[in-house]
Amino acid sequence: MKVKTSLVLLVVAIAVCATAILWRKPASAPMTVAVSEPAANDVPASTQSPKQPIDHQPGPDSLLPSSPKAEEILAQLTLEIQQAFASTNLGARDYALTNLLPALVLKDAPAAGRLAEAVTDTDLREAAMRRVAQLWTAQDSSGALAWAAALTDPFERDATLSDVCLQMAQTDPAEAVRMREQYVPDNVPNLALEGLVQQWAEVNLSAALAWTLARPQSGQRDGLIAHLAFVESQTAPAEAVDLVVDQISPGPAQNEAAMSVLHQWALRDLAAASAWVEQYPEGPLRERAVLELAGISKSLR
């Protein structure tokens with residue numbers, strides 16, 4: 001009886017253990033579902049992989065494969081200007097000067113300079129050279145100055161240098177005077193240099209006067225002083241006349257400068273100008289001054 005009971009208990013114990021083992025066994029791994037990669041056409045454009053390397057920044061030509069390259073654009077622009085200049089149509093020439101040539105200077109100023117030098121029509125060449133000089137100076141004054149100084153024709157070189165410096169004077173008249181001086185002999189009067197000095201004096205008379213008086217005595221120096229005296233006559237005519245008398249060599253240049261200043265003075269204050277002339281020593285200059293004042297007095301009546 002006891003043996004039978006023991007066997008029953010053993011069987012029950014084995015069954016319990018088997019159930020416990022089965023209960024603790026981990027669940028089967030979930031089934032893996034294969035997901036196919038989406039087709040390239042199904043991916044939004046903003047997320048597609050770029051065809052170019054990541055560090056490549058495409059330029060305008062790669063963004064617009066059909067657009068002409070920079071060299072082609074430059075060549076086409078040059079051709080259009082050349083055709084316009086060769087035309088007898090004045091409107092086409094004017095358009096090339098005012099619109100196409102500035103565009104060429106912006107893209108390639110030396111090329112614009114060479115194009116202007118190749119023009120054979122005298123008037124058109126002068127206009128093109130002046131236009132290039134002004135535009136080139138506005139964006140690169142040193143480059144424009146070097147181009148002008150290298151021109152072979154002496155008259156064209158002088159005129160173009162003047163155009164370059166006149167453009168430079170719009171922002172820095174003192175520097176324009178110093179640049180122009182490099183290409184002007186001391187003993188030869190130069191109207192362009194005189195005009196630049198006058199522009200400088202209108203901005204800073206004392207500086208322009210100091211620079212001029214430091215130059216060696218010459219015809220050019222006399223011409224410069226005459227322009228400075230004219231500027232000074234607008235605010236201090238008596239000092240301007242004294243400047244002419246004291247600093248310009250006696251002769252035609254001094255007489256013309258004195259009459260120019262005296263004329264400005266008389267228009268503003270005839271009595272004061274007349275009083276100055278009365279005190280001036282007898283001589284040709286005083287006689288001419290008396291006649292000048294008489295003419296102004298008659299015109300003012």
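Small disclaimer: the values here were computed from a predicted structure and weren't measured.

What follows covers the overall build of the protein chain. Broken down by element type, the protein chain carries 16 helices and 0 strands. By the burial criterion, 34% of the 301 residues in the protein chain qualify as buried. The long-range share in the protein chain, meaning contacts at least 24 apart out of those at least 6 apart in sequence, stands at 51%. For the protein chain, the accessible area works out to roughly 19000 Å², and carbon and sulfur atoms hold 59% of it.

A separate point is the side chain of N190. You can see N190 is positioned in the loop between helix 9 (173–181) and helix 10 (191–203). The buried category is assigned to N190, whose relative accessible area is 10%. A polar contact of 3.0 Å, which involves the side chain of N190, links it to the backbone nitrogen of A192. Within the structure, N190 has its side chain in polar contact with the backbone nitrogen of L193 (distance 2.8 Å). Ignoring sequence-local partners within four residues, the contact set of N190 consists of D158, R180, V184 and Q220.

Glancing now at the nonpolar core. What tends to happen in soluble globular proteins is that the nonpolar side chains get buried as a cluster. Membership of the largest hydrophobic core comes to 69 residues, with the highest contact counts inside it found for I81, F85, V132 and L262. Counting residues per element, this core draws most heavily on helix 14 (residues 252–268), at 7 residues.

Let us now look at the confidence of the model for the protein chain. Chain-level pLDDT for the protein chain is 81 on average; 77% of the residues reach the 70-or-more range. Model confidence for the protein chain, summarised as mean pLDDT per element, is weakest for helix 2 (residues 60–63) at 36 and strongest for helix 5 (residues 109–117) at 97. Here residues 1–5 is a poorly scored stretch, pLDDT under 50, and it has 0 contacts once near neighbours within four places are set aside; other chains count. Confidence drops under pLDDT 50 across residues 7–13; counting only partners more than four residues distant or on other chains, this segment forms 0 contacts.

Tracing the chain through its elements places P284 in helix 16 (residues 284–300). For P284, a relative accessible area of 67% translates into the label exposed. Along the sequence, P284 and G251 sit 33 residues apart, while their C-alpha atoms lie 9.9 Å from each other.

Turning next to the packing of helix 4 (residues 90–107) against helix 6 (residues 122–139). Between helix 4 and helix 6, the least distance of the axes is 10 Å, while the angle of their chain directions is 35 degrees. Here helix 4 runs over helix 6; the crossing is right-handed. Across the interface between the two elements, R93, L97, T98, L101, P102, V105 and L106 of helix 4 pack against L124, A127, A128, R131, V132, L135, W136 and Q139 of helix 6. Here the contact of helix 4 with helix 6 is composed, by residue class, of 11 nonpolar, 2 polar and 2 charged.

As a further point, take the packing of helix 4 against helix 5. In a pair of packed helices, the angle between the axes and the distance between the axes together describe the arrangement. It is the contact of helix 4 with helix 5, at a shortest axis distance of 5 Å, that shows an interaxial angle of 135 degrees. Viewed along their axes, helix 4 and helix 5 adopt a mutual orientation that is oblique. Contacts between helix 4 and helix 5 pair L101, L104, V105 and K107 from the former with A109, A111, A112 and L115 from the latter. Split into classes, the residues belonging to the contact of helix 4 with helix 5 amount to 7 nonpolar, no polar and 1 charged.

Turning our eyes to something else, we now look at the packing of aromatic side chains. Throughout the structure, instances matching the rule amount to 4 aromatic pairs. Feature note: the residues W265, W276 and Y280 constitute an aromatic cluster, connected by ring pairs.

Moving on, we get to the side chain of Q264. Residue placement: Q264 occurs in helix 14. Discounting chain neighbours no more than four positions away, the residues touching Q264 are F230, S233 and Q234.

In this section: helix 11 (residues 205–213). All of the buried residues along helix 11 are A208, L209, W211 and T212. Take helix 11 and look down its axis: the buried residues cluster within an arc of 165 degrees, on one side only. Buried residues in helix 11 make contact with helix 9, helix 10, helix 12 (219–232) and helix 13 (237–247).

Two side chains of opposite charge can pair, provided their charged atoms sit close to one another. One pass over the full model with this rule turns up 9 salt bridges. Measuring nitrogen to oxygen at the nearest pair gives 2.5 Å for the salt bridge that ties R180 to D158. Placement of the pair is R180 in helix 9 and D158 in helix 8 (residues 154–168), with a sequence separation of 22 residues. Under the relative-accessibility criterion, R180 is labelled buried at 0%. Since its relative accessible area comes to 30%, D158 is described here as partly exposed.

Parameters and conventions
Residues numbered from 1 in each chain as written. Predicted model: local features only at pLDDT ≥ 70, side-chain atom pairs only at ≥ 80, totals over all residues. Heavy atoms only, no water. Helix = DSSP H or I, 4+ residues; strand = E, 2+ residues; numbered from the N terminus. Buried < 20%, exposed > 50% of the residue type's maximum accessible area, 1.4 Å probe, protein only. Contact = heavy atoms within 4.5 Å. Areas by Shrake-Rupley, 256 points an atom, 1.4 Å probe, with all protein chains shown as cover. Polar contact = N/O pair within 3.5 Å; in protein donor to acceptor, adjacent residues only side chain to side chain. Core = buried A, V, L, I, M, F, W, Y, C linked by side-chain atoms within 4.5 Å. pLDDT = per-residue confidence, 0-100. Axes fitted to C-alpha atoms, helices over the stretch in contact; angles between N-to-C directions. Left-handed = near helix turned anticlockwise from the far one by under 90°. Nonpolar A, V, L, I, M, F, W, Y, C, P; charged D, E, K, R; others polar. Parallel < 35°, antiparallel > 145°, perpendicular 65-115°, else oblique. Phe/Tyr/Trp six-rings, centres within 6.5 Å; stacked < 30°, edge-to-face > 60°. Arc of directions from axis to C-beta. Salt bridge = Lys/Arg side-chain N within 4 Å of Asp/Glu carboxyl O.

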